[in-house]
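Structural features, examined
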Amino acid sequence: MNMSHEIYAEVAVPLPLSASYTYRVPPHFIETLEQGMRVEVRFSNRVLAGVVLELHERPPAAETLDILDVLDDEPCLPTGALKLYKWISEYYFAPPGEVLQCALPPGYLDARQVYVRLGENGRKVLEGIPTGIDAAWKTQARRKYLDKLALLNGGEKSLSSWLKEPGGIDRDTLKQWRESGLIITREKEAGRGVEARTVTAYSCAEDWSEKAAQQLKRAPVQKLLLEKIAEAGCISRSELLELYPSSAGSLAALQKSGLISAVEMRVCRSPLGHQLVQESCARKPIISLNDEQTSAVERLAIALNSGEFKAALLEGVTGSGKTEVYLSAAESCTAAGRGVIFLVPEIAMTPQLLSRVHARFGNSVAVMHSGLSRGERLDEWQRVRSGEARVLVGARSAILAPMDNVGLIVVDEEHDPSYKGEDRVLYHARDVALMRGKIENALVLLGSATPSLESRFNAESGLYQRLTLTRRATDAAVPQIKLVDLKEFWMAQKRRLSSELIIAMRQRLERGEQSILFLNRRSYAPSLMCRKCRRVIECDDCSVPLAYHKHGEELVCHACGRSAALPRECPYCGRDELEMIGVGTQKIEEELELTFPKAVIERLDQDAVQKKGNMRDILQRMARNEIDILVGTQMVTKGHDFPNVTLVGVLLADQGLNFPDFRSAERTFQLLTQVAGRAGRHDKPGQVIIQTLRPDHHAIQCALDADFNRFFAEELQHREGMYPPYMRLAAVRLEGEDAQETFRLAGDIAEKLKHIIKEHKLESTQALGPAIAPIRRLRSNYRFRLLLRSASRKNLHVMLRAAQALKLWQSTDKVKVTLDVDPVNML
């Protein structure tokens, strides 16, 4: 870049704005400012932190403001990640600042203040103690800054005020001083910030060896400590005191003699529990791959070695050893010096995979998901950014991590709807993974026993390489599956557990084996109805029935979280004739405890794992065979490998078929197949009992026969010309407290979209609606939606961009407008 011209920076700030903003780069920042650094800029009447997306020489049409300050010494985001964020912003019509907020640790773009205090070597300079530091740094003009810090007696001074003083120190000098230990800096967020965790540590002086020979002839403990510090290079005080419990006085003597100096050493808050680390390090079995796994690994190695973007779909039955294929591919990738990202759809699936990955790759593994504390997320993000961690395991947001030179991205359970966001930036992590692979020239490996129809369709069309694992890795037989028709059973016996299922569970208890029961409905009862007026008690703010939770005797709205005490009378007619309708996991847990009073029964659902660590504890107890029967929601259906589980019971298989969603059959088939795969994964035969009111539905029949090919063919027939994979979709959701105003705006948007389609001559493109959303009211807001579809992705985005130019996606004071590209949630 020609430094004789004016340089401008495109800066994204953490606000819901549709574009980045242009700022002039002052001359004193031109040499040091790079793309991907954080800067301080003035926006309106505020000072904000932002990220430089691009540097250029194009003069803006209007007068611009200058960048106020540069907050980083080096880019905090690599070039590949910045390209990805730009694509996300453009494809999903998301504000670039909000994309960055999703990608960065919490608070990373908050207003910050840096504080400076005198370092150990700075103290020595002022006392005339030799340090080996370049004498040019100790000129009288600059020494005065150290004198000012010394007057604070260990206190701190704001860096911004320091830099503003006449003849102030430039940032290059500041960096040198910090690296040499003359000063120590501490970065603090405004308000509820996250700071780096530091501990006191010791390092040896440069001439320690010569001095030690003279000074420590009669101090064996000091000599031992000095040798330990020299061996480690830098070691924390707490670690030394743990090794040598009575050495505090000796450490003080060494420091006073100038043989060692105290420094602040950064330590990471590890999200890996000690037990998980110990378990993963303890078991590193050598697993022999079968012929199908070996073939898949060899084909993936060819793709990895090509150095080009490749996409592959690994379609393997449950228990077929897909994870071992992932790990083998990851070993090839890391051996070539490239990074690996493992994506899992939910936090519940992280511990088991993380344990296996950590056993294979040790401390080069990092983990990212929303269940980490703010400090843990910051430290793991820093480990990935610095290159210390080259293998990352995480949920959806891990695909945005600042890893450089990514070679392999694994998307496990690629069909799972949890990969699509429902808050802020509505990106699909699987599709973002594919784009990141294209940007990084990496291999993207999608894995599932039940691939999404879109992914299977792409594999059939030749866009992805298709790899198959048709049998279980342990050569265990697939479980026997039996259907139980509930149509007459529930009415006659008033019970939720069929006699077949009860007998099967009793047999497992007698043999010391484990059972899993699946019901995708938490609570004790999903609703309460008055027998007199026949009305169901709904949330005051949502058109959603209140679910009864026995613990706390309260009614809870699962949509907005509102809770209320259990009423004695109907709130609509005043009669004392309330009846619980339906059944949830709490009720099943109670029935199991009555039926099997001596069994150890646990529940795994959102209510049971609210406290951090609860989920891990339950899964570890299950793995140790300390639980006889585990009942839960879809948390129990995927990713778990419990060798002693030989029975799976599905209590209401057709529950998901009642949702007004074109994917309801697909999700039902996937859930049934996934949960059935938890049974008999090792040397003991497995059985699956599926209770259903709709035994003839094709999704249930195909799951019964484990026939994905048949389901794929039938489902494609239902979708042709209407839904993916044949059509591209976008949804527009409108929410407002005034139903008429919200519906009126929805109608206006629909008319303008239809005009855009006509004006641009967009073939096979439609704007359908507006219509009342399936959940018509949520958090006191009435909800309407439009469905936009086209046989051409290009045509769909032409329409969406034209609508954006007309500000159709802009919310008003009264109505919130949300655009969802490639929607997954149709409610």
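Everything in this summary refers to the structure shown in the same document. (Residues numbered from 1 in each chain as written. Predicted model: local features only at pLDDT ≥ 70, side-chain atom pairs only at ≥ 80, totals over all residues. Heavy atoms only, no water.)

Details of the overall build of the protein
Tallying secondary structure elements over the protein gives 27 helices and 33 strands in all. Taking all 827 residues of the protein together, 51% fall into the buried category. In the protein, the proportion of contacts linking residues at least 24 apart, taken out of those at least 6 apart, comes to 75%. (Helix = DSSP H or I, 4+ residues; strand = E, 2+ residues; numbered from the N terminus. Buried < 20%, exposed > 50% of the residue type's maximum accessible area, 1.4 Å probe, protein only. Contact = heavy atoms within 4.5 Å.)

A word on the environment of Met635
With respect to the helices and strands, the residue Met635 is situated in the loop between strand 27 (629-632) and strand 28 (645-650). On the basis of relative accessible area, Met635 is assigned to the buried category, the value being 15%. In this structure the C-alpha to C-alpha distance between Met635 and Glu346, which are 289 residues apart in sequence, comes to 8.5 Å. If sequence neighbours within four positions are ignored, Met635 has contacts with Leu604, Asp605, Gln606, Val609, Met615 and His640.

Describing the packing of helix 26 (residues 739-759) against helix 27 (residues 793-805)
At a minimum axis separation of 10 Å, helix 26 and helix 27 run at an interaxial angle of 125°. The pairing of helix 26 with helix 27 is recorded here as oblique in orientation. Along this stretch, helix 26 crosses helix 27, giving a crossing that reads as right-handed. Where helix 26 abuts helix 27, its residues Leu753, Ile756 and Ile757 lie against Met799, Ala802 and Ala803. Grouping the amino acids of the contact of helix 26 with helix 27 by side-chain chemistry returns six nonpolar, no polar and no charged. (Axes fitted to C-alpha atoms, helices over the stretch in contact; angles between N-to-C directions. Parallel < 35°, antiparallel > 145°, perpendicular 65-115°, else oblique. Left-handed = near helix turned anticlockwise from the far one by under 90°. Nonpolar A, V, L, I, M, F, W, Y, C, P; charged D, E, K, R; others polar.)

Some remarks on empty space enclosed by the protein
Here the structure, examined in full by the defined rule, presents two cavities of 30 Å³ or more. Here the largest cavity defines a volume of roughly 150 Å³. Surrounding the largest cavity, 13 residues form its lining, Cys102, Ala103, Met368, Arg377 and Ser397 being those nearest its centre. Among the residues forming the lining of the largest cavity, the class breakdown is nine nonpolar, three polar and one charged. As a volume, the second largest cavity reaches approximately 60 Å³. Taken together, Ala731, Arg733, Ala773, Arg783, Phe784, Arg785, Pro823, Asn825, Met826 and Leu827 make up the full set of residues lining the second largest cavity. Residue assignment for the lining of the second largest cavity shows that the elements contributing at least two residues are strand 30 (728-736) and strand 32 (781-790). For the lining of the second largest cavity, the element with the most residues is strand 32, which contributes three residues. (1 Å grid on protein atoms, 1.4 Å probe; cavity = no way out; pocket = protein on both sides within 12 Å on 5 of 7 lines; lining within 4 Å. Points joined across faces, edges and corners; volume = space filled by probe spheres on them.)

Considering the pattern of salt bridges
For the structure shown, the criterion picks out 42 salt bridges. Between Asp431 and Arg430 there is a salt bridge, with its nearest N and O atoms 3.1 Å apart. Its salt-bridge partner being Arg456, residue Glu460 comes within 2.9 Å of it at the nearest N-O pair. You can see Glu460 and its partner Arg456 sitting in helix 18 (residues 453-460), four residues apart, about one turn around the helix. Under the relative-accessibility criterion, Glu460 is labelled partly exposed at 45%. The structure contains a network of salt bridges with shared partners spanning Glu315, Arg456, Glu460 and Arg466. (Salt bridge = Lys/Arg side-chain N within 4 Å of Asp/Glu carboxyl O.)

Re helix 4 (residues 120-127)
Every buried residue of helix 4 is accounted for by Glu120, Asn121, Gly122, Lys124 and Val125. One or two positions beyond helix 4, positive phi appears at Gly128, with a value near 80°.

A closer look at the sheet that holds strand 22 (residues 547-549)
Strands sit in the order 22-23-24 across an open sheet of three strands; the sheet is antiparallel. One side of each edge strand has no neighbouring strand; the edge strands of this open sheet are strand 22 and strand 24 (563-565). Averaged over all neighbouring strand pairs, the angle between strand axes comes to 35°, with direction disregarded. Examined bridge by bridge, strand 22 and strand 23 (residues 554-556) share three bridges and lie antiparallel to one another. Considered in strand 23, the bridge of His549 is made with Glu554. (Pairing = 2+ DSSP bridges.)

Some thoughts on unusual backbone geometry
Here the amide bond leading from Pro724 into Pro725 is cis, since omega sits at 10°, within 30 degrees of zero. That bond from Gly769 to Pro770 is cis: its omega, 15°, falls within 30 degrees of zero. Position of Pro770 relative to the elements: it lies in strand 31 (residues 765-778). In this structure, Arg424 takes a positive phi of about 60° despite not being glycine. The topology assignment puts Arg424 in the loop between strand 16 (406-412) and helix 17 (429-440). For Arg424, a relative accessible area of 46% puts it in the partly exposed group. For Lys761, which is not glycine, the phi torsion reads 55° and is therefore positive. Its place among the elements puts Lys761 in the loop between helix 26 and strand 31.

A word on the environment of Asn121
Positionally, Asn121 belongs in helix 4. Taking relative accessible area as the criterion, Asn121 reaches 17% and is therefore assigned buried. Separated by 61 residues in sequence, Asn121 and Leu182 have C-alpha atoms that sit 4.7 Å apart.

Quick look at the nonpolar core
Formed by 79 residues in total, the largest nonpolar core has its most connected members in Tyr85, Ile88, Leu753, Leu788 and Trp809. Not counting the four nearest positions on each side in its chain, Ile88 is found in contact with Phe93, Ala94, Val99, Leu400, Val425, Tyr427 and Val432. Ranked by size, the runner-up nonpolar core spans 36 residues in total, among them Val645, Phe669, Phe712 and Leu716. (Core = buried A, V, L, I, M, F, W, Y, C linked by side-chain atoms within 4.5 Å.)

Thoughts on the sheet that holds strand 4 (residues 46-56)
The strand order 2-1-4-3-5 describes an open sheet built from five strands, whose pairing is antiparallel. Single-partner strands in this sheet number two, and they are strand 2 (21-24) and strand 5 (69-70). For strand 3 (residues 38-43) and strand 4, the ladder comprises six bridges, and the chain directions are antiparallel. In the sheet register, Glu40 faces strand 4, and the bridge partner there is Ala49.

Details of helix 14 (residues 322-335)
The terminal C-alpha atoms of helix 14 lie 20 Å apart, and with 14 residues this matches the ideal 20 Å at 1.5 Å per residue to within 8%. With respect to burial, helix 14 is a largely interior element, ten of its 14 residues being buried. Along helix 14, the positions that sit buried rather than exposed are Lys322, Thr323, Glu324, Val325, Tyr326, Leu327, Ser328, Ala329, Ala330 and Cys333. Just downstream of helix 14, Gly337 is the residue with a positive phi angle, here 85°. (Expected span 1.5 Å × (residues − 1).)

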